[in-house]
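Listed below, chain by chain, are the residues.
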Amino acid sequence: MDTTLQRRRFLQGATLAAGGALLTTRLSFAGSGGDSRLVVVIMRGAVDGLAAVPPWGDPDYARLRGSLAIAAPGATDGALRLDDLFGLHPQLAFLHESFAAGELTVFQAVATPYRDRSHFDGQDVLESGVVVPHASQTGWLNRALAAQPRAARGAERGVALGSNVPLMMRGPAEVASWAPTKLAELDPDTLQRIAELYAHDPMLGQRLGEAQTANAMAGDGSQPMMGGAGPNRYEEVIRATAGFLANEAGPRVAVFDTTGWDTHANEGGARGQLGTRFAALDAALRTLKTQLGSTWRDTAVLALTEFGRTAAVNGTGGSDHGTGTAALLLGGAVRGGKVICDWPGLSAGSLYQRRDLAPTLDLRALLKGTLVEHMGLPAAALDTVFPDSGGVKPLRDLFRV
Amino acid sequence: MRDSQAPAIATNRFGLGARPGEMAACAADPRGWLEAQLQGTPPVIEDPGLRSTATMVVALDALRSRNSKAVAEAVVKLGEIYRPAYVAEVGARLRLAAATERPFLERITQFWSNHFAISVDKAVVLGVAGSYEREAIRPNVLGSFAQLLLAVERHPAMLLYLDNFRSVGPDSALAGQAQRRTGKTLGINENLAREIMELHTLGVDGGYTQADVTAFAKVITGWSIGARGFGPRGGGEPGEFFFRASIHEPGVETVMGRRYAQEGRDQGESVLLDLARHPATARHIATQLCRHFIADDPPPEAISRLAGVFERSGGDLPAVYRALIAEESAWSRPLSKFKTPNDYVISAWRALDLPLADARSVPPVFANLGQRVWSPNSPAGWPDRSADWDGASALMQRLRWADQIGQRVGAGVNAQELAPQLLGATLGADTRQALGRAASAAQAVTLLLASPEFMRR
């Protein structure tokens, strides 16, 4: 048996132990976070936060951004106004409606503790919740799930939408994963025999069990594929997400990946490549709200990326890897309608290393606030969920309670 | 070391999955069988449906030069040219992988293709991903690392994928003209320079800084693609690598503490040659090879040994492959690697000698299993650890496909006789028993493909 399998089994053992301990010590939290749903949208490739949440009121903004600049609110294709400084990208109409309805909080000049510019290390830190890249094989969201009081025993509390489980969701807590299928289902007899064949293979046995649970819950797995590259690209996965979260016995936390945000060339301003991506994301979130129905009021959606992009347009109508970026917190459970930002400005001297938006908010403050206030995570568990982050206090009053 | 398992490891881990009879043929000397595959020039893929990168890039250029009204039409037209090219390339690649008698060399080729990944997630890559592998990777896998690196970084597909073809030196002749005539500021795009350092050579902890990335990006301004006509966009051989002097940043640059005063294209080649022989590069490549051929978390001593061979041999790739074959830890832990979908499909094709009449049926197989060919979602390529591939949903897709194959070809297959030829000494009692009790020949094939031993290599 190789080391990976042994480690996995060890982690399972650790979960049981931790879960047992929690059951006895955390009775006072029973019920807290029980109905709350959390959806995390990972935006891989480094989203241009200055395009998502343009600081149209900043005196240096239009000059620096050149062809990428979004016009002021009111102009043709102008930013969707949030306040006197910030707007939303014009393709984010649903998010703008949500802001007006008090269901969206916008964060600007945010960063993880990672300060270099590698996508892969940046995503690792974003997902692991650990300061050093590749220092952890488990993700912060999974550790948070593992530290929560057990609600329905046996049911996985988390689901990854996609064939494989992103690092953020890997770890001691069992999670499901789900992806659309076009292949025919196996007949029950063959499936039973495969299950027997996996009886002595802990990893495959566990995965098979998870898959069967997830399939039963998603329900519409046999529907034809939708989406592709168009504005409905996330349609099917969003419908499945809603199916999972609206199910009373289903998972409470869902994660899904989006890609294509690495806009080095021809990024476009109000319209163009990035605008098309934003429009698809906006449409997906609108669908999520519709599909969740009354569950929306218990739901929070976090849209996160590994870092931002250069403040100035580059030589090819795009932007290169940067630092500070934007993050979004959306949902019926959110006490929104505000922009949370200590704006550093875009003058040459205020940029990070004279090229990137300087971060003034540690992303972990937002994540901690969400886990504690929305998901009922005991504050004492924050040290294991985000190690070495003692100085980062959870943001408060992010949610209607 | 359990030598009874050596033939299974040679064919399944180093190779692409045993074909019936292959394990018996290599049993006398599994290591010698692998080494023999390094002799002679790498195979060339011949197929009437394949086109060169230059042909495809010229087709793209022809569409680009039309007026803006024709843009929508051009996009459709591009798909009409690019999609069949992609389908033909994917089919030809599988045909070779399924039949080759040098499966170790083919695994190495695919390893490098993924190390220097480009992705059809970017529309223009769809038409050139296969030709890139045939032109830049395949001919160079038995040379030196530097030779492979240079071939990759000046290949038009890479220059398109990571945007370098239009990265403009801020003090270049063209940037000056544009500034005077139109007031437009042209500049660099550092995408390729960063990924060369981070992914292709030194590795993310290789000791470079942001200033090194920026300086290197300036060094390789002008590494571009030839096009018809004159002026800033024309010149060179259409669709081929072209050093466009008018956009090259003039002057001396310092990269990783070393001054590069060369003129023109030589400057970039000098930096690449230095990167190729940097100790951090040796270590980075050794780590990835060990992860691919030994285990997700390979022993540090194995990495050090391989990095040492890489450095001492000046990046001589066959010497590195021979050191890998000689690495004991690669032979001591059978089944430590969970197959990627790509591994899984190819090994099934080899195991069952599946037919491949219509190439159009091939791309959806890889896509359904979660690894559409040449489509990693970043220039880092596909990940290479179990946890990246062993999700529950991915497993179900594999099983559904295995069942489809079982139902399609199983009636003519004796899985009980086939299993030892595919799995050798790694075949376990549970699987043997399940095959013996299967309800039908078709179900037995499904179970063989579903078995824990066949899921791994």
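As the structure is a computational prediction, the values presented were derived from the model and not from experiment.

Conventions adopted
Residues numbered from 1 in each chain as written. Chains lettered and ligands numbered in written order. Predicted model: local features only at pLDDT ≥ 70, side-chain atom pairs only at ≥ 80, totals over all residues. Helix = DSSP H or I, 4+ residues; strand = E, 2+ residues; numbered from the N terminus. Buried ≥ 20, exposed ≤ 12 C-beta atoms within 10 Å, placed from the backbone. Contact = placed C-beta atoms within 7 Å. Rg over C-alpha atoms; globule rule 2.2 N^0.38 Å. Pairing = 2+ DSSP bridges. Nonpolar A, V, L, I, M, F, W, Y, C, P; charged D, E, K, R; others polar. Axes fitted to C-alpha atoms, helices over the stretch in contact; angles between N-to-C directions. Parallel < 35°, antiparallel > 145°, perpendicular 65-115°, else oblique. Left-handed = near helix turned anticlockwise from the far one by under 90°. Core = buried A, V, L, I, M, F, W, Y, C linked by C-beta atoms within 7 Å. pLDDT = per-residue confidence, 0-100. Arc of directions from axis to C-beta.

### Some thoughts on the overall build of chain A
Argument step 1. For chain A, the count of helices and strands is twelve helices and eleven strands.
Argument step 2. Residues counted as buried form 56% of the 401 residues belonging to chain A.
Argument step 3. Across chain A, the fraction of contacts at a sequence separation of at least 24, relative to all contacts at a separation of at least 6, is 73%.

### Side note on the overall build of chain B
Argument step 1. Of regular secondary structure, chain B possesses 23 helices and four strands.
Argument step 2. Compactness check: chain B gives a C-alpha radius of gyration of 24 Å against a globular reference of 23 Å for 457 residues, within 12% of the reference.
Argument step 3. Expressed as lengths along the three principal axes of its C-alpha atoms, the size of chain B is roughly 80 × 55 × 40 Å.
Argument step 4. A total of 457 residues make up chain B; the buried ones form 57% of that total.
Argument step 5. Sequence separation of at least 24 residues holds for 71% of the intrachain contacts in chain B that already meet a minimum separation of 6.

### Some details on the pairing of strand E5 (residues 158-161) of chain A
Residues and elements named next belong to chain A.
Argument step 1. The alternating pattern of E5 places Gly158 and Ala160 on one face and Val159 and Leu161 on the opposite face, and all of these are buried.
Argument step 2. Where E5 lies against strand E6 (residues 175-178), four bridges are found, and the strand directions are parallel. By the bridge assignment for E6, Val159 is matched with Ala176.

### Observations regarding the environment of Gly122 of chain A
Argument step 1. Along the polypeptide, Gly122 of chain A turns up in helix H5 (residues 119-128).
Argument step 2. Dropping the residues within four chain positions of it, Gly122 of chain A is found in contact with Tyr114, Glu306 and Phe307 of chain A.

### Thoughts on the interface of chain A and chain B
Buried accessible area, meaning the area lost when the parts come together, often serves as the stated size of an interface.
Argument step 1. Each side of the interface is counted separately: chain A has 51 residues, and chain B has 53 residues.
Argument step 2. The leading source of residues in the side of chain A that touches chain B is helix H8 (residues 202-218) of chain A, at seven residues.
Argument step 3. Of the residues contributing to the side of chain A that touches chain B, the split by class is 18 nonpolar, 19 polar and 14 charged.

### Here we look at unusual backbone geometry
A negative phi holds for most residues other than glycine; trans holds for most peptide bonds.
Argument step 1. Positioned with a positive phi, Asp388 of chain A is a non-glycine residue whose angle comes to about 55 degrees.
Argument step 2. Its place among the elements puts Asp388 of chain A in the segment after helix H12 (382-385).
Argument step 3. Although it is not a glycine, Asp353 of chain B adopts a positive phi angle of roughly 50 degrees.
Argument step 4. Looking at where Asp353 of chain B falls in the secondary structure, it is placed in the loop between helix H17 (341-352) and helix H18 (362-368).
Argument step 5. Look at Asp353 of chain B and you get partly exposed, because 13 C-beta atoms sit within 10 Å.

### Here's the deal with the environment of Gln108 of chain A
All names here are of chain A.
Argument step 1. One can find Gln108 in strand E4 (residues 104-111).
Argument step 2. Between the alpha carbons of Gln108 and Ala327 there is a distance of 6.5 Å; along the sequence they are 219 residues apart.
Argument step 3. In this structure Gln108 touches Gly49, Val53, Phe86, Ala326, Val339, Cys341 and Trp343, once residues within four positions along its chain are discounted.

### Examining the packing of helix H14 (residues 279-293) of chain B against helix H15 (residues 300-312) of chain B
All names here are of chain B.
Argument step 1. Between H14 and H15, the least distance of the axes is 8 Å, while the angle of their chain directions is 130 degrees. Put simply, H14 runs oblique to H15. The chirality of how H14 crosses H15 is right-handed. Taken together, the residues of H15 that come into contact with H14 (itself represented by Pro279, Ala282, Arg283, Ile285, Ala286, Thr287, Leu289 and Cys290) are Ala302, Ile303, Leu306, Ala307, Phe310 and Glu311.
Argument step 2. By residue class, the composition of the contact of H14 with H15 is eleven nonpolar, one polar and two charged.

### Some details on the nonpolar core
Argument step 1. By size, the foremost hydrophobic cluster in this structure holds 263 residues, and its most contacted members are Val40 and Val255 of chain A together with Ala129, Phe216 and Leu306 of chain B.
Argument step 2. The element contributing the most residues to this core is helix H5 (residues 71-99) of chain B, with ten residues.
Argument step 3. The contacts of Val255 of chain A, once residues within four sequence positions are left out, are Val40, Ile42, Leu141, Ala160, Leu161, Pro166, Met168 and Met169 of chain A.

### Here we look at the packing of helix H11 (residues 191-200) of chain B against helix H12 (residues 210-219) of chain B
All names here are of chain B.
Argument step 1. Close contact between H11 and H12 brings their axes to 8 Å; oriented N to C, the two are set at 125 degrees. Here H11 lies oblique to H12, going by the angle between them. When the axes of H11 and H12 are compared, the crossing they make is right-handed. On H12, the residues that touch Ala193, Arg194 and Met197 of H11 are Asp212, Val213, Phe216 and Ala217.
Argument step 2. Looking at the contact of H11 with H12 residue by residue, the class counts come to five nonpolar, no polar and two charged.

### Some points on the confidence of the model for chain A
All names here are of chain A.
Argument step 1. Confidence in the prediction for chain A averages 85 pLDDT; 86% of positions are at 70 or higher.
Argument step 2. Every residue in residues 1-32 scores below 50 in pLDDT, and together they form 32 contacts with partners more than four places removed in sequence or on other chains.
Argument step 3. In this model residues 220-229 is a low-confidence stretch, pLDDT under 50, and it forms 16 contacts with partners more than four residues away in sequence or in other chains.

### So, helix H6 (residues 140-147) of chain A
Argument step 1. Counting buried positions along H6 of chain A yields eight of eight residues, so the element is predominantly enclosed.
Argument step 2. Taken as a whole, H6 of chain A has its buried residues at Trp140, Leu141, Asn142, Arg143, Ala144, Leu145, Ala146 and Ala147 of chain A.

### Examining helix H7 (residues 188-197) of chain A
Residues and elements named next belong to chain A.
Argument step 1. Of the residues making up H7, those classed as buried are Thr190, Arg193, Ile194 and Leu197. All buried residues of H7 lie within an arc of 100 degrees about the axis, which places them on one face of the element. Among the exposed residues of H7, those pointing more than 90 degrees away from its buried face are Pro188 and Gln192.

### A look at the environment of Leu272 of chain B
Residues and elements named next belong to chain B.
Argument step 1. Its location among the elements puts Leu272 in helix H13 (residues 264-276).
Argument step 2. On the basis of neighbour counts, which here come to 21 C-beta atoms within 10 Å, the residue Leu272 falls in the buried class.
Argument step 3. When the C-alpha positions of Leu272 and Glu311 are compared, they lie 15 Å apart, and in sequence the two are 39 residues distant.
Argument step 4. Excluding residues that lie within four positions of it along the chain, Leu272 makes contacts with Leu149, Leu150 and Glu153.

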